[in-house]
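Architecture and fold: a report
Listed here are the chains, written in short residue letters.
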Amino acid sequence: MSLKCGIVGLPNVGKSTLFNCISSSKAQSANFPFCTIDPNIGSTNVPDHRLEELEKLVHPKRVVPATVEIVDIAGLVKGASKGEGLGNQFLANIRETDAILHVLRCFDDGNIVHVDGSVDPVRDKEVVDIELQIKDLETVTNRIEKVRKQATTGGDKNAKKAWEMLERYKAVLEQGHNAREVIPQNPDEEKLAKEFCLLTCKPVLYVCNVDENSAAKGNRYTEAVAEAIKNEDAKMMVIAARIESEIAELESYDERQMFLEEIGLEHSGVERLIREAYSLLNLQTYFTAGEPEVRAWTINKGDKAPKAAGVIHTDFEKGFIRAEVIKYEDFIHYGSEAACRAAGKLSSEGKDYVVGDGDIMHFLFNV
C-alpha cells in the first residue's frame, strides 16, 4: 500500500526546506510567499534497521525498503476556502493525501518575512484550521441537502445514515472544531467517513520548525503549540529543518551522526518524522526475505494474513491458502529460514492470523 503525506502551512514557515530534507528531490525555497505554486512531489525510504540485519543474513540480490510519498503543497493564507491566494488548488491537493504534516514556524529570524508580520505558531495553526473547517462545512452542508431528500422522499436507509452522520459533522464544524472529533461508531460509519473525504478528518502531525539551539528541547513557541493541541487527536514533533537540510547533504553516515550528536539528537528529524507518520496512520511493516530480495511491505495494524498478502498482489489475497511466518527476533537469533524451521520457529497460519510488526512471511496461494 502507498502512503502519501502532504506538507502544509502558511507561506515561509519552512515547508519546502523540510521537503528537501525528506525527499530526494530539491524543491524551490525562497523568502517570499507562494514560492511553491504547483505541489512538489518526492519520495523517501522508510528507515528500518531490521532490513539491514536481514540483509546481513540473507545476502539478497537487492533490498527494497518501504517508501513514503511526500507532497509539498503551496502555502495557505486567510480566505483560502473562498479561493484567496492559491486556496482552491491548495485544498484540492490536501484532499488527495492520507495524512497532513502541518509545519509551524517556531523560530525568530528577522531576515525571513512572515506573511502576518510576526511569529505566532498558535495563530498560524488556527488560520489553517479555520480555512479547512470552512471548506468542510461547505462540503457537509451541500451533502446534507442531497441526502436529506433521498432519505425523506425515497426512503433510502443508507441516505438516512449518511444524513445523521453529516449532521454530527456539521454540529462539530459550526463550533470551530475539526471533523476528526466525530468518531465513527461502526464499520458503516467508517466507510461513510472515508467517502465524505473531509479535510479536517485527516490525521495531523504538527511539525514545529525551530532554530538549531532548540532542536533537542524545543522553545517557548513549541510549548505554546503543545498546550494548544493537548485536547486534539493529533501528534507533534520538533525539527530544525534548516540544520536537517545541511545534515542531509553530508555524504558520510558517521559525519551525519556526529552532527546530530552535536545538537543533542540521536536520530535525524527525517527519521523521526517518518516514524511518527507511520504511527499516526496506524501502520506497520512485514517482510519477505529470500535470495532474490529482502523487502519491506506496509500494512495497517490489525490486518490479517490474506489482506497482507494482497499488498504484494491481489491474486495472493484472492487465492490465499496459508502463510508461513517467522518472527523477526527468531530469524535473527537462528540466522536462516532453514534453522528456524528446524527449531520449530516457523508457523503455518490461516486466514484469521493477525500479522505482527516485523513478521517474515511467505504466502501460499492458488488462483
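All figures in this text were calculated on a predicted structure; none of them were measured in a lab. (Residues numbered from 1 in each chain as written. Predicted model: local features only at pLDDT ≥ 70, side-chain atom pairs only at ≥ 80, totals over all residues. Heavy atoms only, no water.)

With that out of the way, let us pick up the confidence of the model for the protein. Model confidence for the protein is summarised by a mean pLDDT of 85, while 89% of its residues fall at 70 or above. Throughout residues 24-38 the model reports pLDDT below 50, and contacts reaching past four residues in sequence, or to other chains, amount to 43 contacts. (pLDDT = per-residue confidence, 0-100. Contact = heavy atoms within 4.5 Å.)

This brings us to the sheet that holds strand β2 (residues 40-45). If you walk across this open sheet you meet the six strands as β2-β4-β1-β5-β6-β7, and the pairing is mixed. What marks the edges here is a single partner per strand, and that holds for β2 and β7 (235-239). Put simply, the sheet's adjacent strands are angled 25° from each other on average, direction ignored. Pairing of strand β6 (residues 204-209) with β7 involves five bridges; the strand directions are parallel. Bridge pairing in β7 links Asn209 to Ile239. On top of the sheet, helix α10 (residues 269-280) reaches β1 (4-8), β2, β4 (67-72), β5 (99-105), β6 and β7; it is set at about 175° to β7, its chief contact. (Pairing = 2+ DSSP bridges. Helix = DSSP H or I, 4+ residues; strand = E, 2+ residues; numbered from the N terminus. Axes fitted to C-alpha atoms, helices over the stretch in contact; angles between N-to-C directions.)

In this structure, Cys5, Ile7, Leu18, Ile22, Val68, Val207 and Leu273 are the most contacted members of the largest nonpolar core, which totals 68 residues. The dominant element in this core, judged by the number of residues it contributes, is α10, at six residues. Excluding its chain neighbours within four sequence positions, the residues that come into contact with Val68 are Leu3, Cys5, Gly42, Ser43, Thr44, Val46, Ile274 and Tyr278. In terms of nonpolar packing, the next biggest core, distinct from the first, is built from 17 residues, Ala159, Ala179, Val182 and Ala193 among them. (Core = buried A, V, L, I, M, F, W, Y, C linked by side-chain atoms within 4.5 Å. Buried < 20%, exposed > 50% of the residue type's maximum accessible area, 1.4 Å probe, protein only.)

What the rule picks out here adds up to four aromatic pairs. Relative to Phe196, the ring of Tyr169 has its centre 6.0 Å away and its plane inclined at 85°; by these criteria the two rings are edge-to-face. Pair noted here: Tyr169 is in helix α5 (residues 157-174) and Phe196 is in helix α6 (residues 187-196), with a separation of 27 residues, a long-range link. Pair check on accessibility: Tyr169 and Phe196 agree, each one buried. Ring-pair connections join several aromatic residues into one group, and the members of that group are Tyr286, Phe320 and Phe363. (Phe/Tyr/Trp six-rings, centres within 6.5 Å; stacked < 30°, edge-to-face > 60°.)

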